[in-house]
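The residues making up each chain are set out below.
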Amino acid sequence: MKNIIVFTLVFCTSLFTGLSAQQSDPAVATVQEAITTFFAYDAVGYGNYFAEDGELINPMGMRMQGRPAMIQSHIGYFKSLEGQTGHASFSAEKVQYLSPTIAAVTLNVDANSTNAAGEEVSAIKGVVMAILKMDGNNRWVIHGFQVTPVVSFAPPTEG
């Protein structure tokens, strides 16, 4: 009986994992992996998700053109975050294929950073829009990436 329960758990877990993998879109997954790598504070890893001539517009409106510029600017930024950990969660994923090799991905990102004591030091809600192209190795790379912060406003009151 114990073996049947273990087999059932393993089978159901592998089935669920397989279904999840089939349901995840590779272009969306590329953008999510890039953002996850960003919150691991890995400048080179993050930069490698971009095309050599890719462009990034960060939440403050700064534009970075080209993978080397992105990596260099993030090395200093991530160094300033030493002692912190970051985490991002995703929702409202949407992908539109403009051609078999060009995709537009939009997703909502909720992110936070905590210090060494486990206290939240920053949080951001944002919308990410990315344009990806398939490279010569059949891998999605990001050509354009823009992060727009989401700000909550109180609804107007009638007066």
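Residues numbered from 1 in each chain as written. Predicted model: local features only at pLDDT ≥ 70, side-chain atom pairs only at ≥ 80, totals over all residues. Heavy atoms only, no water.

Draft legend 1. Looking closely at the sheet that holds strand 5 (residues 120–134). Pairing in this open sheet of 6 strands is mixed, and the strands run 2-1-6-5-4-3 from one edge to the other. Two strands bound the open sheet, and with one partner strand each, they are strand 2 (63–65) and strand 3 (85–99). Ignoring which end each strand starts from, the neighbouring axes of this sheet average 15° apart. In the packing of helix 2 (residues 26–38) onto the sheet, contacts are made with strand 3, strand 4 (102–114), strand 5 and strand 6 (140–149), and the angle to strand 3 comes to roughly 155°. Where helix 4 (residues 67–79) meets the sheet, its contacts fall on strand 1 (50–57) and strand 2, and the angle it forms with strand 1 comes to roughly 55°. (Pairing = 2+ DSSP bridges. Helix = DSSP H or I, 4+ residues; strand = E, 2+ residues; numbered from the N terminus. Axes fitted to C-alpha atoms, helices over the stretch in contact; angles between N-to-C directions. Contact = heavy atoms within 4.5 Å.)

Draft legend 2. Structural context of the packing of aromatic side chains. The final tally for this structure, using the stated rule, is 9 aromatic pairs. Measuring from centroid to centroid gives 5.1 Å for phenylalanine 38 and phenylalanine 78, while their planes differ by 75°, and the two rings are edge-to-face. Within this pair, whereas phenylalanine 38 is found in helix 2, its partner phenylalanine 78 is found in helix 4, the two being separated by 40 residues in sequence. Assessed through its relative accessible area of 6%, phenylalanine 78 is described here as buried. Consider the rings of tyrosine 41 and phenylalanine 78, whose centres lie 5.5 Å apart with planes at 45°: the pair is tilted. Residue tyrosine 41 is found in the loop between helix 2 and helix 3 (43–47), and its partner phenylalanine 78 is found in helix 4; the two are separated by 37 residues along the sequence. Both residues of the pair, tyrosine 41 and phenylalanine 78, count as buried. An aromatic cluster is defined as three or more aromatic residues linked by ring pairs; in this entry it consists of Phe38, Phe39, Tyr41, Tyr46, Phe50, Tyr77, Phe78 and Phe145. (Phe/Tyr/Trp six-rings, centres within 6.5 Å; stacked < 30°, edge-to-face > 60°. Buried < 20%, exposed > 50% of the residue type's maximum accessible area, 1.4 Å probe, protein only.)

Draft legend 3. Region of interest: the side chain of glutamate 55. When you line up the elements, glutamate 55 lands in strand 1. At 2.3 Å, the side chain of glutamate 55 forms a polar contact with the side chain of arginine 63. The contacts of glutamate 55, once residues within four sequence positions are left out, are Phe50, Arg63, Met64, Gln65, Met70, His143, Gly144 and Phe145. (Polar contact = N/O pair within 3.5 Å; in protein donor to acceptor, adjacent residues only side chain to side chain.)

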